[in-house]
Amino acid sequence: MTSAEAAATNEKDEVAVTAMLSHVGVCVSDLAASKLFYSRVFGFEETYSRRVGNDFARLMQRPSLDVEVCVLTLGRQRIELVHHYSPDPVVEPVRATNTIGYTHVAIYVPDVAATAALAEHHGGRVLWETHTELDVAGEHREYLYVMDPDSVRIELIRGLPLG
């Protein structure tokens, strides 16, 4: 084994801490509408809410800050909705799926069409042109993108978790 192979092996074997995904943060324009969307469409429940000031300005990379955060929980999964009072939120075009970085959140659902209808009813938008059905790992699966009220892309998946 070469020293490069040994180093690669050691890097794979060494884990300093056991990590766990905490949450996905989503900046929203209307906190009440977003809470309603995620709770009614997917069953998330509000588990924490707080108005945050300058104590988090450094973390949020702002000279001053006035935001409200609301954590929604579904099982062990959490979404943190963040509404900016100051500075004002920035609205940018929807990111293409081939843009480096965050592209979407994926949620397993038992019925893609019914969930899409709920999303539309609660202020979301359904991208029917993305509807895909195919066999993956021996299972027939269904996929569809919907957008939340602020155009955050959400992938709906019918099928068993992979990996």
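Scroll up a little and you will see the structure.
Residues numbered from 1 in each chain as written. Predicted model: local features only at pLDDT ≥ 70, side-chain atom pairs only at ≥ 80, totals over all residues. Heavy atoms only, no water.

Enquirer: Kindly report on unusual backbone geometry, identifying the contributing residues and their values.
Expert: Cis geometry marks the peptide bond from serine 86 to proline 87, where omega comes out at -5°. As for its position among the elements, proline 87 is in the loop between strand 4 (77-86) and strand 5 (105-108). (Helix = DSSP H or I, 4+ residues; strand = E, 2+ residues; numbered from the N terminus.)

Enquirer: Any chance you could break down the side chain of threonine 115 for me, citing the residues and the numbers?
Expert: Following the sequence through the fold, threonine 115 ends up in helix 3 (residues 112-121). Residue contacts for threonine 115: discarding those within four places in its chain leaves Val41, Phe42, Val109 and Leu156. (Contact = heavy atoms within 4.5 Å.)

Enquirer: Would you mind going over the packing of aromatic side chains in detail, with residue names and values included?
Expert: The final tally for this structure, using the stated rule, is four aromatic pairs. With centroids separated by 6.1 Å and ring planes inclined at 75°, the aromatic side chains of phenylalanine 37 and phenylalanine 42 adopt a geometry described as edge-to-face. What makes phenylalanine 37 buried here is its relative accessible area of 0%. Looking at phenylalanine 42, the relative accessible area reads 10%, which means it is buried. Both rings, one in tyrosine 38 and one in phenylalanine 42, keep their centres 6.3 Å apart while their planes meet at 35°; by these two values the pair is tilted. Of the two residues, tyrosine 38 and phenylalanine 42 both sit in helix 2 (residues 31-42), four residues apart, roughly one turn of that helix. Each member of the aromatic cluster is reached from another via a ring pair, and the members are Phe37, Tyr38, Phe42 and Phe44. (Phe/Tyr/Trp six-rings, centres within 6.5 Å; stacked < 30°, edge-to-face > 60°. Buried < 20%, exposed > 50% of the residue type's maximum accessible area, 1.4 Å probe, protein only.)

Enquirer: Could you give an account of the layout of surface pockets, naming the residues involved and the relevant values?
Expert: Considered as a void within the structure, the largest pocket measures approximately 950 Å³ in volume. Cys27, Val90, Val91, Glu92 and Val152 are the residues nearest the centre of the largest pocket, which is lined by 27 residues in total. Broken down by secondary-structure element, the contributors of at least two residues to the lining of the largest pocket are strand 1 (24-27) and strand 4. Of all the elements, strand 1 adds the most residues to the lining of the largest pocket, at four residues. Taken together, the residues that form the lining of the largest pocket break down as 16 nonpolar, five polar and six charged. If you add up the space inside the second largest pocket, you get close to 300 Å³. Considering the residues around the second largest pocket, the lining is formed by 15 residues, among which Leu21, Val24, Gln77, Val105 and Ala106 are closest to the centre. Grouping the constituent residues of the lining of the second largest pocket by class yields nine nonpolar, four polar and two charged. (1 Å grid on protein atoms, 1.4 Å probe; cavity = no way out; pocket = protein on both sides within 12 Å on 5 of 7 lines; lining within 4 Å. Points joined across faces, edges and corners; volume = space filled by probe spheres on them. Nonpolar A, V, L, I, M, F, W, Y, C, P; charged D, E, K, R; others polar.)

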